[in-house]
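# Geometric and topological summary
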Amino acid sequence: MADEQSSVFEAGQTGLVIGVPEAEPAVRGWRERLDPAARAGVPAHVTVLYPFLDESRIDEGLCTALAEVFARHAEFDLRFARCGRFPGVLYLAPEPDGPLRRLTEAVVARWPEAPPYAGKFTEVVPHLTVVQGEEDEVLDEIEAAVGGRLPFTCRVSSVDLMVYDGVKWQQRASFALLPDTD
């Protein structure tokens, strides 16, 4: 969740993520070695919003409000067919990314005091981090290995609230998206 910003998390931090268990066979080994979020207990995921509000603000009312925000968005499918990069970061690019962007926009519209990545980036690019903090040569090697395990798809039906307790990230709640009625 910290992605390219930092490998240091603070107790009480929260984030909203979409777990992507379908990615684990392709990325788990790399993430466990080279992604601080994985070492801190975060499964393969696409971030909706990090950091979110401090844990001290998480209560029943806030969870109800999150549930209402997410219930206005329909379930959707994502396809991961290619890798992308930020400086020192290798990621899987979800397609289409529009539904992910809309989820982030909806949360930020409700809680503008929690801009994505604390406002450090002008554009938020939805992604699933594989590795961060590595040189291009290392990223090239990992991209070749991971790329051979693509594509895969996943169904997005919920968003998880994760909380960092000072040692590990733990799932605090899960919020359903609007079920597909097809």
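Residues numbered from 1 in each chain as written. Predicted model: local features only at pLDDT ≥ 70, side-chain atom pairs only at ≥ 80, totals over all residues. Heavy atoms only, no water.

This part takes up the sheet that holds strand β8 (residues 169-176). Read from one edge to the other, the open sheet built from 4 strands follows the order β2-β1-β7-β8, with strand pairing classed as antiparallel. Among the strands making up the open sheet, the edge pair consists of β2 (45-49) and β8. The mean angle between the axes of side-by-side strands here comes to 35 degrees, regardless of whether they run parallel or antiparallel. Across the sheet, helix α3 (residues 60-71) is in contact with β1 (14-19), β2, β7 (158-164) and β8; its angle to β8 comes to roughly 55 degrees. (Pairing = 2+ DSSP bridges. Helix = DSSP H or I, 4+ residues; strand = E, 2+ residues; numbered from the N terminus. Axes fitted to C-alpha atoms, helices over the stretch in contact; angles between N-to-C directions. Contact = heavy atoms within 4.5 Å.)

Moving on to the sheet that holds strand β4 (residues 89-95). Strand order across the open sheet formed by 4 strands is β5-β4-β3-β6, with antiparallel pairing between neighbours. Edge positions in the sheet fall to β5 (128-132) and β6 (152-156), since each has one partner strand and no second. Going from strand to strand, the sheet's axes swing by 30 degrees on average, the running direction of each strand aside. For β4 and β5, the ladder comprises 4 bridges, and the chain directions are antiparallel. Paired with Val 89 across the two strands is Gln 132, which belongs to β5. Strands β4 and β5 of the sheet are contacted by helix α1 (residues 24-34), whose axis makes an angle of about 50 degrees with β5.

For the structure on display, the rule yields 13 salt bridges. Across the salt bridge formed by Asp 35 and Arg 31, the nearest N and O atoms sit 3.3 Å from each other. Note on accessibility: Asp 35 and Arg 31 belong to one class, buried. Residue Arg 155 pairs with Glu 75 through a salt bridge whose shortest N-O separation is 3.3 Å. Of the two residues, Arg 155 is situated in strand β6 and Glu 75 in the loop between α3 and β3 (76-86); the sequence distance between them amounts to 80 residues. Overall, the relative accessible area of 22% leaves Glu 75 in the partly exposed class. (Salt bridge = Lys/Arg side-chain N within 4 Å of Asp/Glu carboxyl O. Buried < 20%, exposed > 50% of the residue type's maximum accessible area, 1.4 Å probe, protein only.)

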